[in-house]
Amino acid sequence: MPADKRGKDAIVLTDASIARGGRTIWSRGTFAIPTGSVTAIVGTNGAGKTTLMKAELGLLSLSGGSVRVLDRPAGAATRLIGYVPQSYTSEVDADLSVGQYVLLGVNGTRFGPRRTSPTERDHARRAMAFTGIGDRSEARLSELSGGLRQRAAIAQALAGRPRLLMLDEPLANLDLASQREIVHVLARLNRELGMTIQVVAHDLNMLLPILDGAVYLLDGHPHYAGIHEVMDSGLLTHLYGTQVEVVTTPQGEMFIQPSADAPDQGRHDLHSSSEIVNEHRHGRRTGAQA
């Protein structure tokens, strides 16, 4: 997995719009995401977060404007991108071993798997070791917890040695400990390998320690800003559709919490303040030891 080099922006949208079934999902998206950054895509349900990621991957066509990824038109750089869709491991054969599953990242084709070279098998082993599942190669996917399955999905995406890693809701349906472990893997990928990472997320809190910026889908338009600009109570209240507060601890750590006097307008997947403070402190200690 080669280190990425900062230089040209990794993802560039220019006046991009997308429509499905005759309905505009979002429009007038113009922004650039720096190479070597970690970025979240956030917004309410139905705002078009996954649609944006699929447009960047070239899986959905734009109705206007352009998207360039790794200095190529969307869809032209797929061999340089690792992609982890939502709930991907639940859709594959659970009787596969972890090693077989990860190897699909280098030998999976529409016509079935092909023979792998020693170099490709080494890449798969390195990906499993990096994500902390090197000792689970012979285990069946069906034997793994949700957190370990998600790490296997990330290992599969890494086996192809991508420059850009894109993950759709990688923390969904995981307990706090498993979420923290996934975030630590992403942090190491970015810090040690310089990998550009983009994550679709409902909850920014667990990702905040590693985020450089966020794409937020607001009022039908995607916008990009640095994470400190996004961490604004007014902006996030507008984004989530309920009153939220940005809290800064004496140690300088930030997290988002619903306002105590705000009405409950739906589930927004925001962890409690005590959970986040504890997890951020744990994460900082672990990161310092890595």
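Preceding block: the structure.
About the cut-offs
- Residues numbered from 1 in each chain as written.
- Predicted model: local features only at pLDDT ≥ 70, side-chain atom pairs only at ≥ 80, totals over all residues.
- Heavy atoms only, no water.
- Helix = DSSP H or I, 4+ residues; strand = E, 2+ residues; numbered from the N terminus.
- Contact = heavy atoms within 4.5 Å.
- Areas by Shrake-Rupley, 256 points an atom, 1.4 Å probe, with all protein chains shown as cover.
- Salt bridge = Lys/Arg side-chain N within 4 Å of Asp/Glu carboxyl O.
- Buried < 20%, exposed > 50% of the residue type's maximum accessible area, 1.4 Å probe, protein only.
- Core = buried A, V, L, I, M, F, W, Y, C linked by side-chain atoms within 4.5 Å.
- Domains from an automatic or database assignment.
- Axes fitted to C-alpha atoms, helices over the stretch in contact; angles between N-to-C directions.
- Parallel < 35°, antiparallel > 145°, perpendicular 65-115°, else oblique.
- Left-handed = near helix turned anticlockwise from the far one by under 90°.
- Nonpolar A, V, L, I, M, F, W, Y, C, P; charged D, E, K, R; others polar.
- Pairing = 2+ DSSP bridges.
- Phe/Tyr/Trp six-rings, centres within 6.5 Å; stacked < 30°, edge-to-face > 60°.
- Lys NZ or Arg CZ within 6 Å of the ring centre and 35° of its normal.

**Q** Just to check I follow, could you spell out the overall build of the protein for this structure?
**A** Assigned secondary structure in the protein consists of eight helices and twelve strands. Counting only contacts in the protein whose residues sit at least 6 apart along the sequence, the fraction spanning at least 24 positions is 65%. In the structure as shown, the protein presents an accessible area of about 13700 Å², 46% of it carried by carbon and sulfur atoms.

**Q** Quick question: what am I supposed to make of the pattern of salt bridges here?
**A** Oppositely charged side chains may form a pair once their charged atoms are brought near each other. On inspection of all chains with the given rule, the structure shows eight salt bridges. Residues Asp71 and Lys8 are paired through a salt bridge, measuring 3.1 Å at the closest nitrogen-oxygen approach. In this pair, Asp71 is assigned in the loop between β4 (64–69) and β5 (72–73) and Lys8 in the segment before β1 (11–20), connecting sequence segments 63 residues apart. Overall, Asp71 belongs to the partly exposed group, its relative accessible area being 39%. By relative accessible area, which is 59% here, Lys8 ends up exposed. The salt bridge partner of Arg125 is Asp122, with a shortest N-O separation of 4.0 Å. Of this pair, Arg125 and Asp122 both sit in helix α3 (residues 118–130), three residues apart, roughly one helical turn.

**Q** Even after reading the chapter, I still don't get the nonpolar core, so can you show me in this structure?
**A** The tendency in soluble globular proteins is for nonpolar side chains to be buried as a group. If you look at the biggest cluster of nonpolar residues, it comprises 59 residues, and the most contacted ones within it are Val98, Leu165, Leu186, Leu189, Ile197, Leu204 and Val230. With eight residues, helix α4 (residues 146–159) is the single largest residue contributor to this core. Counting contributing residues per domain, this core is built from domain 1 (9–95 + 162–231) and domain 2 (233–263), each supplying no fewer than three. Apart from the residues lying within four places of it in its own chain, the contact partners of Leu165 are Gly82, Ile154, Ala157, Leu158, Leu186, Leu189, Met195, Thr196, Ile197 and Gln198. Counting residues in each nonpolar core, the second largest holds 26 residues, with Ile18, Ile33, Ile41 and Ala47 among its members.

**Q** Sorry if this is basic, but what is going on with the packing of α4 against helix α5 (residues 176–193) here?
**A** Each pair of packed helices can be summarised by the angle the axes make with each other and by the distance between the axes. At their nearest, the axes of α4 and α5 sit 9 Å apart, and the two run at 20 degrees to each other. Comparing the axis directions of α4 and α5 gives the class roughly parallel. Considering only the axes of α4 and α5, their crossing is right-handed. Across from Gly147, Gln150, Arg151, Ile154 and Leu158 in α4, the residues of α5 making contact are Ser178, Glu181, Ile182, Val185 and Leu189. Considering only residue class, the contact of α4 with α5 consists of five nonpolar, three polar and two charged.

**Q** Please explain the pairing of strand β2 (residues 23–33) as it appears in this structure.
**A** Each regular strand carries side chains that alternate between the two faces of the sheet. Across seven bridges, the pairing between β1 and β2 is antiparallel. From the neighbouring strand, Ile11 faces β2, where its bridge partner is Ile33. Taking the residues between adjacent antiparallel strands as the criterion, β1 and β2 are bridged by two residues, where Gly21 takes a positive phi near 60 degrees.

**Q** Can you help me understand the pairing of β1 in this one?
**A** Two strands pair when backbone bridges link them, and β1 and β4 are joined in this way by five bridges, in the antiparallel orientation. Each bridged residue has a counterpart across the sheet, and for Thr14 the counterpart in β4 is Ser66.

**Q** Quick question: what am I supposed to make of the environment of Leu104 here?
**A** Turning to its location among the elements, Leu104 is positioned in helix α2 (residues 98–107). Measuring from C-alpha to C-alpha, the distance between Leu104 and Thr116 comes to 9.7 Å, with twelve residues separating the pair along the chain.

**Q** In this structure, what is going on with α2? I would like to understand it.
**A** Along an α-helix, residues three or four positions apart point the same way, because every turn accommodates 3.6 residues. The buried count for α2 comes to seven of ten residues, which makes it a mostly enclosed element. Among the residues of α2, Val98, Gly99, Tyr101, Val102, Leu103, Val106 and Asn107 are the ones counted as buried. As for α2, its buried residues are in contact with α3 and α4.

**Q** Teacher, can you tell me more about the packing of α2 against α3 here?
**A** At their nearest, the axes of α2 and α3 sit 9 Å apart, and the two run at 120 degrees to each other. The element α2 and its partner α3 pack so that their crossing is right-handed. Judged by residue contacts, Val98, Gly99, Val102, Leu103 and Val106 of α2 engage Glu120, Arg121, Ala124 and Met128 from α3. Tallied by class, the residues present in the contact of α2 with α3 amount to six nonpolar, one polar and two charged.

**Q** What is the right way to read the packing of aromatic side chains from this model?
**A** Given two aromatic rings, one states the distance between the centres and the angle between the planes to describe the pair. Counted by the stated rule, this structure contains one aromatic pair. Here Phe31 and Tyr224 contribute two aromatic rings whose centre-to-centre distance is 6.4 Å and whose plane-to-plane angle is 25 degrees, an arrangement assigned as stacked. Remark: Tyr224 occurs in strand β10 (residues 221–226) and Phe31 occurs in strand β2; sequence separation between them is 193 residues. Overall, the relative accessible area of 8% leaves Phe31 in the buried class. The exposure class of Tyr224 is partly exposed, given its relative accessible area of 24%. Sitting over the ring of Phe130, Arg188 keeps its end group 4.1 Å from the ring centre.

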